[in-house]
Amino acid sequence: MDVRTPFPALDHPELQDLLYIAITRFLRCASMLKDDILLPQPHSIPVTTAPDVLPPGITDFFSRSFDISCDAVDVLWGAVKHIAWTLPADGEEHEVIETMFQHHGQDQGISAYVLYPPMKTCVNPDCIAVQRAMPLKKDEPCHVVIFTQAFGVRCAWSVHLKCRSCNVNYHHNYAVHGASRQYYSGVPKYIQVGEHQFVECELAMHWIDLIVSATNCAHLHNEAQARCKNVTGEWQFNTTVTTEEVWDAFTVLALLDDHQHQNTSLCVPHGNSQSARYTAAMCARNERIFTEGQDELPHACYGCMRLFSMPDGTTHYTEVVVTDGITVGRPCCAVPHCKNALASTRNHFCSADPSHRQLETICAVDGCDQPVSCRSQGDKLRKTCSNPLHMKMEDAKAVLSRSGKSKTQRMKTAKLNDALAASSHDHPEDDLPVEDFDEWYEHDESTGNASVALSMGVVNPSLTQNESRHVLEACPSKDDVPKLKAIFFWKRTNNEQLFVRPCGIISGRGTMYHHEAVSNVLILFEKTFSLPRARKPQHLIYDSNCNALHEVESRKMKFFEGIGMCVDTFHHTMKHKASDQFCQERCSMKAYPELLDEDGKYYFNSLITEQTNVWFGGFHNVCCEMTPVKYDFFLDEVILRRNCATVINLHRQGKQPHHPRLST
């Protein structure tokens, strides 16, 4: 339809080919610019009447926007100015339309939000209906709720269209064929997170940006929507968002983004429970990142790579990577160095190894090999045997857990472990008795009671590893209270090791199961920068590099030949002994001219991991109860999104982030 049909007065030659959709845009833009149109008008022009003449700037804006002359803009304005002046604002119009649907359409099954599949005909290549282009007419409507960012929760309908020939059921986000759910390409505006729940993509992105707690995201959204004017009426489903729906929104959006980036389509089982539906897809993404690395693994920019001239006039470049560990972990098998996944986060030992699984039925007190006993009420098993003292130890643990002190102590332990690891670089980490899952109990022989002495990761830096093994051996000349050790709480992985470039890009991460030993850090570094898209940096900065360099030279690790191994500026100055000649001569950044600028100051930010750990450590409580698959998926996703934001900032700073070609 052209503009002359509803507006015959518009007979300007340039307006004859103007489409009706263009005039509706003109009306909407003019309504939005009413205040700008009024401001330069003479005082005699009333504000309730549309002026006859547009300001020159507004006229020029419309001329360039609709590709017509200024004369044509004046003619168009003269014809529609009264309509534009009476149009309501966008927010007012949206509220009026919403009220219409809620009061007059809901009982008729009519809603402002109706989610149809994006296709109207079957697209199954094996279906005969494709050749005939037969429209999908067999519909299956159902009630749903949509959580939006701007308008709160909205009651809606979701209509499934089913092909009569091949029985493929087309939903808003995906098509169901047999037991398979095939998602459409791209990321939809509304993401299905439950059987009858959808989340607006913008809201899901907002949750991901704020995901320090899915529970808090759900709570804050519900609190905010309580102030919105939502007329839901007698709707079938709850209109408050749950923690599970926040997590499902995170998972589905992350998977859809990943498949869009890979030019593939997400396919998951249709019949599984919602909690297990995406496990295989997450495993596949985890495996790809493990074998190929993060997207920004080959990153380079002028914040982490430097071109410099040698005395002979040749130009060389140097790249720097900084590494450090942060106490973030998940439940794992309580047998040291076992990497098998737990069947459930409620278990203490894995099921993959029968000898480990058998330990679930053995008393949790150290040194006791008796089977666990049943509680007096019901058939629920204890974690201890029938020994009265051992049962009192378990009861003391239960009281500690209910009091809330246990979680607080674990948080303090995490900070203490980080601080202790940062201050113990004069000794190898293997000698550090970090006990992140042992609990110590005092036995009062006069009363027979047991009380908690030390628990959950208490670290005693004054003890060596050999001394800690004999801590139970009481000195005959002293009247110490006897202590017993047990393992009631879950064991968690020790820390996450991050490899960060000085510009802030996280090149990779790895999970340390037991300790942040320098040997494990070196192995992880070699694996990360041996991946196909990686480049071996010229310098590795690590707060324990003096120990790491000893390890490299003693084991003659060829991968580290030509790599400078320095200690970061803070730890080298404040934590390492000035009398350590090896550290001062071999691990100082001042020994490498390429790491210093023209004024003799440090060119690269060697404390970037300490700064990154402040952000990364915020996820400690978020993922401390996750399964291994979800744990790796979650951490890889937040790193990926942080890297994307960092690249944008590097572009703004003019540091030219890019992925250099690997030399053949």
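Scroll up for the structure.
Predicted, not measured: the structure shown is a model, and the values here were computed from it.

Of note, Ala133 is a non-glycine position whose phi angle comes to about 55°, a positive value. Summarising the element assignment, Ala133 is placed in the loop between helix 6 (128-132) and strand 2 (138-147). Despite not being glycine, His337 has its phi angle at roughly 70°, a positive value. Residue position: His337 is located in the loop between strand 12 (331-332) and helix 11 (354-358).

The side chains of a regular strand alternate between the sheet's two faces. Strand direction decides the pairing type here: strand 10 (residues 305-309) and strand 11 (residues 315-326), joined by five bridges, are antiparallel. Paired with Ser309 across the strands is Thr315, a residue of strand 11.

Tallying each qualifying case throughout the model produces 21 aromatic pairs. Both rings, one in Phe525 and one in Phe559, keep their centres 6.1 Å apart while their planes meet at 75°; by these two values the pair is edge-to-face. Placement of Phe525 in helix 15 (residues 518-528) and of Phe559 in the loop between helix 16 (545-555) and strand 20 (564-566) is noted, with a sequence separation of 34 residues between them. Each member of the pair, Phe525 as well as Phe559, is classed as buried. Sitting above the plane of the Tyr631 ring, Arg330 keeps its charged end 5.7 Å from the centroid. Geometry around Phe559 places Lys536 over its ring, the cationic atom sitting 5.0 Å from the centre.

So, on to helix 10 (residues 279-292). Residues spaced three or four apart along an α-helix point in a common direction, a consequence of the helix completing one turn every 3.6 residues. Look at helix 10: 20 Å from first C-alpha to last across 14 residues, which is about the 20 Å you get at 1.5 Å a residue. Residues of helix 10 that are buried include every one of Ala281, Met282, Arg285, Asn286, Arg288 and Ile289, and no others. For helix 10, the buried positions fall inside an angular range of 160° around the axis, keeping them on one side. The outward face of helix 10, more than 90 degrees from its buried face, is lined by the exposed residues Ala280 and Phe290. In this structure, the buried side of helix 10 is in contact with helix 9 (243-261), strand 9 (267-269) and helix 21 (628-652).

With respect to the helices and strands, the residue Asp52 is situated in the loop between helix 2 (34-38) and helix 3 (56-66). The exposed category is assigned to Asp52, whose relative accessible area is 60%. Setting aside anything within four residues of it in sequence, one finds Asp52 in contact with Trp77 and Lys81. Within polar-contact distance, the side chain of Asp52 engages the side chain of Lys81 at 2.2 Å.

Right, let's get into the layout of surface pockets. Computed from the structure, the second largest pocket encloses a volume of approximately 1100 Å³. Lining the second largest pocket are 34 residues, with Phe290, Arg509, Gly510, Thr511 and Leu524 sitting closest to its centre. Elements with a contribution of two residues or more to the lining of the second largest pocket: helix 10, strand 18 (506-512), helix 15 and helix 21.

Below, the discussion takes up the side chain of Asn286. Note on placement: Asn286 falls in helix 10. At a separation of 3.4 Å, a polar atom in the side chain of Asn286 contacts the main-chain amide nitrogen of Phe633. Excluding its chain neighbours within four sequence positions, the residues that come into contact with Asn286 are Val629, Asp632, Phe633 and Asp636.

Criteria and cut-off values
- Here the residue numbers are simple positions, counted from 1 along each chain's written sequence.
- Selection of residues for local features in this predicted model requires a pLDDT of at least 70, selection of side-chain atom pairs for listing and counting requires 80 or more, and totals for whole chains, interfaces and linings are taken over all residues.
- The basis for the side-chain values is all heavy atoms of the structure; hydrogens and waters are excluded.
- Put simply, DSSP H or I for four residues or longer makes a helix, DSSP E for two residues or longer makes a strand, and each gets a number counted from the N terminus.
- DSSP bridges decide pairing: two strands pair if at least two such bridges lie between them.
- The aromatic pairing rule takes the rings of Phe, Tyr and Trp, using the six-membered ring of Trp, and pairs them if the centres are within 6.5 Å, calling planes under 30 degrees apart stacked, those over 60 edge-to-face and the rest tilted.
- Exposure is judged per residue with a 1.4 Å probe applied to protein chains only, and the accessible area is read against the type maximum: over 50% gives exposed, under 20% gives buried, and values in between give partly exposed.
- Ring-over charges, as used throughout, are those where CZ of Arg or NZ of Lys falls within 6 Å of the ring centre and within 35 degrees of the ring normal.
- In a helix, the anticipated span is given by 1.5 Å times the number of residues less one.
- Comment: arc refers to directions from the helix axis out to C-beta atoms.
- Contacts are assigned to residue pairs that have any heavy atoms within 4.5 Å of one another.
- Nitrogen and oxygen atoms within 3.5 Å of one another constitute a polar contact, given that in protein one can donate a hydrogen and the other can accept it, and given that sequence-neighbouring residues count only through two side-chain atoms.
- The distinction between a cavity and a pocket rests on a 1 Å grid over the protein atoms alone: a 1.4 Å probe fits inside a cavity but cannot get out, while a pocket stays open yet meets protein on both sides within 12 Å along at least five of seven lines, and a residue with an atom within 4 Å of a point counts as lining.
- Grid points are joined across faces, edges and corners, and a volume is the space filled by probe spheres set on the points.

Taken by themselves, the reported measurements are silent on function.
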